[in-house]
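# Architecture and fold: a report
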Amino acid sequence: MDAKKPLGDTSNDFSRVESAQSGVAGETARVLDHTAERALCRKFDFRLLPVLAVMYLFNALDKGNLGNAQSGGLGHDLGFVGDQYNQIVSIFFVPYVLFAPPFAMLGKKYGPARALPIMMFTFGSMTLLAAAAQNFSGIFALRWFLGMAESAFFPLVIYYLTTFYRRGELARRLAIFYAASNIANAFSGLLAFGVFQIHSKLYSWRYLFIIEGSASVLFSFFAFFYLPQSAATARFLNEKEKELAFHRIQVDSSSVVGEAFDLKDSLKIFKYPVTYAFIAIEICLGVPLQSVSLFLPQIVGRLGYSTVKTNLYTVAPNVTGAVMLLILAFSSDLTRLRFPFIVLGFTFTFIGFIIYASITDVNSEIQVAYFATFMMCWGTSAPSVILSTWYNNNVAHEGRRVVLTSVGVPLANVMGLVSSNIFLQKDAPKYAPALITTAVFGATGAVITACLGTYMVFDNKRRNRRQGVKIDARDVPTQHLRDGPSMDEFRWFL
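Residues numbered from 1 in each chain as written. Predicted model: local features only at pLDDT ≥ 70, side-chain atom pairs only at ≥ 80, totals over all residues. Heavy atoms only, no water.

### Description of the pattern of salt bridges
- Under the definition given, this model contains 21 salt bridges.
- Here E37 ties to R166 by a salt bridge, and the two come within 2.8 Å at their closest N and O atoms. Residue E37 is found in helix α2 (residues 34-47), and its partner R166 is found in the loop between α11 (153-162) and α12 (170-195); the two are separated by 129 residues along the sequence.
- Looking at E37, the relative accessible area reads 4%, which means it is buried.
- With a shortest N-O distance of 2.8 Å, R248 and E169 are connected by a salt bridge. (Salt bridge = Lys/Arg side-chain N within 4 Å of Asp/Glu carboxyl O. Helix = DSSP H or I, 4+ residues; strand = E, 2+ residues; numbered from the N terminus. Buried < 20%, exposed > 50% of the residue type's maximum accessible area, 1.4 Å probe, protein only.)

See the structure below:
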């Protein structure tokens with residue numbers, strides 16, 4: 001399809017165009033018909049994002065409800081001794097990392113629209129079964145299978161959205177989706193607050209698992225039949241909209257739309273040094289991200305409130321974290337810049353943890369201490385979303401994109417192993433070693449991100465000088481960028 005012709009001048013046989021992988025001829029990745037593209041994006045926004053956001057909300061609830069359950073007596077009721085709580089937190093991350101790449105590859109092969117609901121059904125079932133756990137061994141085994149079920153969920157959601165949205169539209173959509181995680185953490189606190197008011201023969205934390213697990217299982221059936229496999233099969237689009245959707249992704253997301261997965265070719269992503277910089281940033285992000293996700297109730301517990309109030313006081317920091325995530329992600333898309341906002345997020349994290357760790361008398365500085373928990377939440381969610389968007393924006397090859405995301409995202413999450421082993425009961429309630437360690441990871445992440453972003457700026461200028469042009473990522477269609485930085489036309493999406 002000639003991008004300079006009206007859509008009506010093209011063939012209506014979209015399926016033939018897609019199956020032949022003929023691509024879309026275009027000299028630019030810039031938007032040519034703003035009105036048509038805005039209308040198409042609105043359809044995707046209303047049809048896809050709410051369902052995916054709810055799915056991720058339940059994903060985050062089922063993964064992060066352990067802290068609430070522990071504050072409600074899980075460890076005491078199941079007879080935990082020593083560091084057994086830390087062990088059940090840690091074991092989740094082993095299968096989470098091991099199974100993410102193979103499950104993501106299977107999801108790419110069979111389609112995220114089918115794989116994601118199946119994963120949701122599985123992790124919901126594991127949460128539901130946790131309500132029946134009678135001892136440490138039972139909950140330990142269920143956490144292993146929960147880690148397997150959730151391992152490739154977020155990488156596949158990211159890949160799924162890259163098949164519907166342009167690179168410059170992705171951050172704010174991922175932010176809306178990822179904000180469900182912050183809302184989940186806030187809602188988890190509210191739900192725990194309500195559930196812990198229940199007085200019956202059944203332990204209150206069992207009700208927490210029953211409610212959250214049942215909701216996940218039920219919603220997975222709806223999602224399985226609702227989510228479209230691709231824009232080409234979306235029943236809510238007409239033929240012209242399907243052609244436009246294909247054109248958008250061909251010039252501003254993928255080198256070949258719907259390319260069959262080739263493992264050997266996809267693993268070539270690890271030939272590029274920048275891949276390891278992205279992975280290093282994910283690792284630095286993982287410690288503060290998981291520390292807040294898993295241990296915010298324990299951090300807030302230092303303020304001296306009751307168990308019920310402690311869970312309630314985790315709500316506001318998580319809600320403002322979601323708001324900050326949206327502000328930074330929308331700003332990132334508006335400016336078409338990624339790395340400055342990632343650095344800003346890491347800076348929030350560093351400051352928040354350092355402030356909290358430096359307070360010696362929490363009773364006399366309780367407002368400052370509580371404000372520091374807000375900064376912790378501001379600085380964890382935004383870098384995660386914008387970082388995932390950043391490296392997806394710079395990888396046009398769909399298979400390599402899936403591989404990098406399925407390695408990077410789980411590595412950030414496996415740093416929960418670090419978090420769960422630095423927040424030790426013997427350091428309670430201040431957790432000074434854990435807070436300082438987390439702050440250091442945040443500072444390191446900011447430095448690496450700034451260095452990588454600076455390199456990309458200078459490399460783009462070098463490429464422009466060598467070719468005698470002045471262009472950026474918007475001027476080069478992704479259909480020409482299958483081999484990434486190896487190609488002279490390539491420009492980094494900053």
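### Quick word on the packing of aromatic side chains
- Summed over the entire model, instances satisfying the criterion amount to 32 aromatic pairs.
- An angle of 10° between the planes, with centres 6.3 Å apart, marks the rings of Y56 and F153 as stacked. Here the residue Y56 occupies a position in helix α3 (residues 49-64), and F153 occupies one in helix α11, the gap between them amounting to 97 residues. This pair shows no difference in class: Y56 is buried, exactly as F153 is.
- Consider the rings of F224 and F225, whose centres lie 5.2 Å apart with planes at 80°: the pair is edge-to-face.
- The class for F225 is exposed, based on a relative accessible area of 60%.
- Three or more aromatic residues joined by ring pairs make a cluster, and in this case those are F44, Y160, F164, Y165 and F236.
- Sitting over the ring of F458, K461 keeps its end group 5.7 Å from the ring centre. (Phe/Tyr/Trp six-rings, centres within 6.5 Å; stacked < 30°, edge-to-face > 60°. Lys NZ or Arg CZ within 6 Å of the ring centre and 35° of its normal.)

### A few points about the nonpolar core
- Residues F44, L52, M55 and W390 are the most contacted members of the largest nonpolar core, which totals 144 residues.
- If sequence neighbours within four positions are ignored, F44 has contacts with L49, F164, Y165, A231, F236, L237 and A245. (Core = buried A, V, L, I, M, F, W, Y, C linked by side-chain atoms within 4.5 Å. Contact = heavy atoms within 4.5 Å.)

### Observations regarding the confidence of the model for the protein
- Per-residue confidence for the protein gives a mean pLDDT of 86, with 93% of residues at or over 70.
- A low-confidence stretch, residues 1-26 (pLDDT under 50), is modelled with 46 contacts involving residues beyond four sequence positions or located in other chains. (pLDDT = per-residue confidence, 0-100.)

### Concerning unusual backbone geometry
- In this chain, A428 is followed by P429 through a cis amide linkage whose omega measures 0°.
- Tracing the backbone shows P429 in the loop between α22 (416-422) and α23 (432-467).
- Its identity is not glycine, yet R336 carries a phi of approximately 55°, on the positive side.
- Turning to its location among the elements, R336 is positioned in the loop between α18 (315-335) and α19 (339-358).
- R336 sits in the partly exposed class, given a relative accessible area of 21%.
- A positive phi angle, near 55°, is found at Y431, a position not held by glycine.
- Note on placement: Y431 falls in the loop between α22 and α23.
- Here Y431 falls in the buried class, since its relative accessible area comes to 5%.

### Considering helix α20 (residues 366-393)
- Taking 1.5 Å per residue, 28 residues should reach 40 Å; α20 reaches 42 Å between its end C-alpha atoms and fits that length.
- The element α20 is extensively covered by neighbouring structure, given that 24 of its 28 residues are classed as buried. (Expected span 1.5 Å × (residues − 1).)

### Observations regarding the packing of α19 against α20
- Relative orientation of the contacting elements α19 and α20 amounts to 155°, with a least axis distance of 7 Å. Considered as vectors, α19 and α20 are oriented roughly antiparallel to each other. Pair α19 / α20 crosses with left-handed handedness.
- Tallied by class, residues from the contact of α19 with α20 come to 19 nonpolar, six polar and no charged. (Axes fitted to C-alpha atoms, helices over the stretch in contact; angles between N-to-C directions. Parallel < 35°, antiparallel > 145°, perpendicular 65-115°, else oblique. Left-handed = near helix turned anticlockwise from the far one by under 90°. Nonpolar A, V, L, I, M, F, W, Y, C, P; charged D, E, K, R; others polar.)

### Structural notes on the side chain of R302
- Along the polypeptide, R302 turns up in the loop between α16 (273-301) and α17 (307-312).
- Among buried Asp, Glu, Lys and Arg side chains, R302 stands out as unpaired, with D361 the closest opposite charge at 7.6 Å.
- Of note is the side chain of R302, whose polar atom sits 3.0 Å from the backbone oxygen of Y356.
- Not counting residues up to four positions away in its chain, the partners in contact with R302 are Y356, I359, T360, V362, P429 and K430. (Lys, Arg positive; Asp, Glu negative; His and termini not counted. Polar contact = N/O pair within 3.5 Å; in protein donor to acceptor, adjacent residues only side chain to side chain.)

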